[in-house]
Amino acid sequence: MKKFGIATLTAFVAVLVITCSKSGATPEEQLLSQTPNPDRKVQINTSQMEDDLLSLINEHRASLGAKALLDSPETYKHAEDHNEYMISQNKLSHDNFDSRATKIAAETNAVSIGENVARHYDTAATALEGWLSSSSHKSTLEGSYTHTALSISLDKEGKPYFTQIFITLE
């Protein structure tokens, strides 16, 4: 059974890497990295925005009959580290997802892992709208995952970067 779970995870990661880790920016990635109000200066409390966005996501999932995502504290560091990576590269990406997923699976015994990223949205509601406007990100958000970690980090200009990692635990 354990080999089947690892094989399933490996196949899932391979499919996700193929579908999410393209070298060029797809139209969806361009949409998710646009600055909705480029001249608008706002102060963002990242912790509050994380809570607000997760609440909105769970409300959306409930409206579809899906269960609320539970917190995965051990996965949060991976989401936070990926935000810092994207900030250092000044780009939106799923770079190194396979490595991140392998570490998360080893630490949590997750049987499936997904990820959504975005940047420059200044409210939780606009970030959710962006993810729901992207078929691949919407599919992940609405997937049969059980747990999540959502990190929002600010770049040096105060613009937010978002990484949400979704996992399914046995």
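See the structure above.
Just so we're clear, the structure is a prediction, and the values are computed from it rather than from any experiment. (Residues numbered from 1 in each chain as written. Predicted model: local features only at pLDDT ≥ 70, side-chain atom pairs only at ≥ 80, totals over all residues. Heavy atoms only, no water.)

**Thoughts on the overall build of the protein chain**
- A tally of helices and strands in the protein chain yields seven helices and four strands.
- When the helices and strands of the protein chain are placed in sequence order, the string is α-α-α-β-α-α-β-α-α-β-β.
- When contacts within the protein chain are restricted to residue pairs at least 6 apart in sequence, those whose partners lie at least 24 apart make up 75%.
- Put simply, the protein chain shows about 8900 Å² of open surface, and 54% of that area lies on carbon and sulfur atoms. (Helix = DSSP H or I, 4+ residues; strand = E, 2+ residues; numbered from the N terminus. Contact = heavy atoms within 4.5 Å. Areas by Shrake-Rupley, 256 points an atom, 1.4 Å probe, with all protein chains shown as cover.)

**Observations concerning the side chain of T140**
- Residue placement: T140 occurs in helix α7 (residues 135–141).
- Leave out the neighbours within four places in its chain, and T140 touches G114, E115, N116, Y145 and F166.

**Digging into the packing of helix α3 (residues 46–63) against helix α6 (residues 124–133)**
- Contact geometry for α3 and α6: axes closest at 9 Å, N-to-C directions at 45°. Relative to α6, α3 is oriented oblique. Read as a crossing pair, α3 and α6 show a hand that is right-handed. Touching M49, D52, L53, L56, I57 and H60 of α3 are A124, A125, A127, L128, W131 and L132, all from α6. (Axes fitted to C-alpha atoms, helices over the stretch in contact; angles between N-to-C directions. Parallel < 35°, antiparallel > 145°, perpendicular 65-115°, else oblique. Left-handed = near helix turned anticlockwise from the far one by under 90°.)

**Notes on the nonpolar core**
- Ranked by internal contacts, the top residues of the largest apolar core, which has 17 residues, are M49, L53, I57, W131, L141 and F162.
- For this core, the elements supplying multiple residues, two or more each, are α3, α6, β3 (147–154) and β4 (160–169).
- Among the elements that line this core, the one with the most residues is α6, at four residues.
- In this structure I57 touches L69, L128, W131, L141 and Q164, once residues within four positions along its chain are discounted.
- Within the second largest apolar cluster, nine residues are counted, among which are A79, A101, I104 and A105. (Core = buried A, V, L, I, M, F, W, Y, C linked by side-chain atoms within 4.5 Å. Buried < 20%, exposed > 50% of the residue type's maximum accessible area, 1.4 Å probe, protein only.)

**Let's talk about α3**
- Here α3 is 18 residues long and its end C-alpha atoms lie 25 Å apart, about the 26 Å a rise of 1.5 Å per residue gives.
- Buried positions along α3 lie against α4 (73–89), α6, α7, β3 and β4.
- Following α3 by one or two positions, G65 has its phi on the positive side, about 85°. (Expected span 1.5 Å × (residues − 1).)

**Overview of the pattern of salt bridges**
- Within the structure shown, the criterion is met by five salt bridges.
- With its nearest N and O atoms 2.8 Å apart, the salt bridge here joins E115 to R100. Placement of E115 in strand β2 (residues 110–119) and of R100 in helix α5 (residues 97–108) is noted, with a sequence separation of 15 residues between them. Neither residue differs from the other here; E115 and R100 are each classed as buried.
- Taken together, the salt bridges that share partners define one network made up of K77, E80 and D81. (Salt bridge = Lys/Arg side-chain N within 4 Å of Asp/Glu carboxyl O.)

**Considering the environment of L132**
- Considering the arrangement of structural elements, one finds L132 in helix α6.
- Look at L132 and you get partly exposed, because its relative accessible area is 26%.
- With sequence-adjacent residues up to four places away left out, L132 is seen in contact with H60, K138, L141 and E142.

**Section: the sheet that holds β2**
- The mixed open sheet is built from four strands, whose spatial order is β1-β3-β4-β2. The sheet is open, and its two edges are formed by β1 (70–71) and β2, each paired on a single side.
- Along the sheet, α4 makes contact with β1, β2, β3 and β4, crossing β3 at roughly 35°. (Pairing = 2+ DSSP bridges.)

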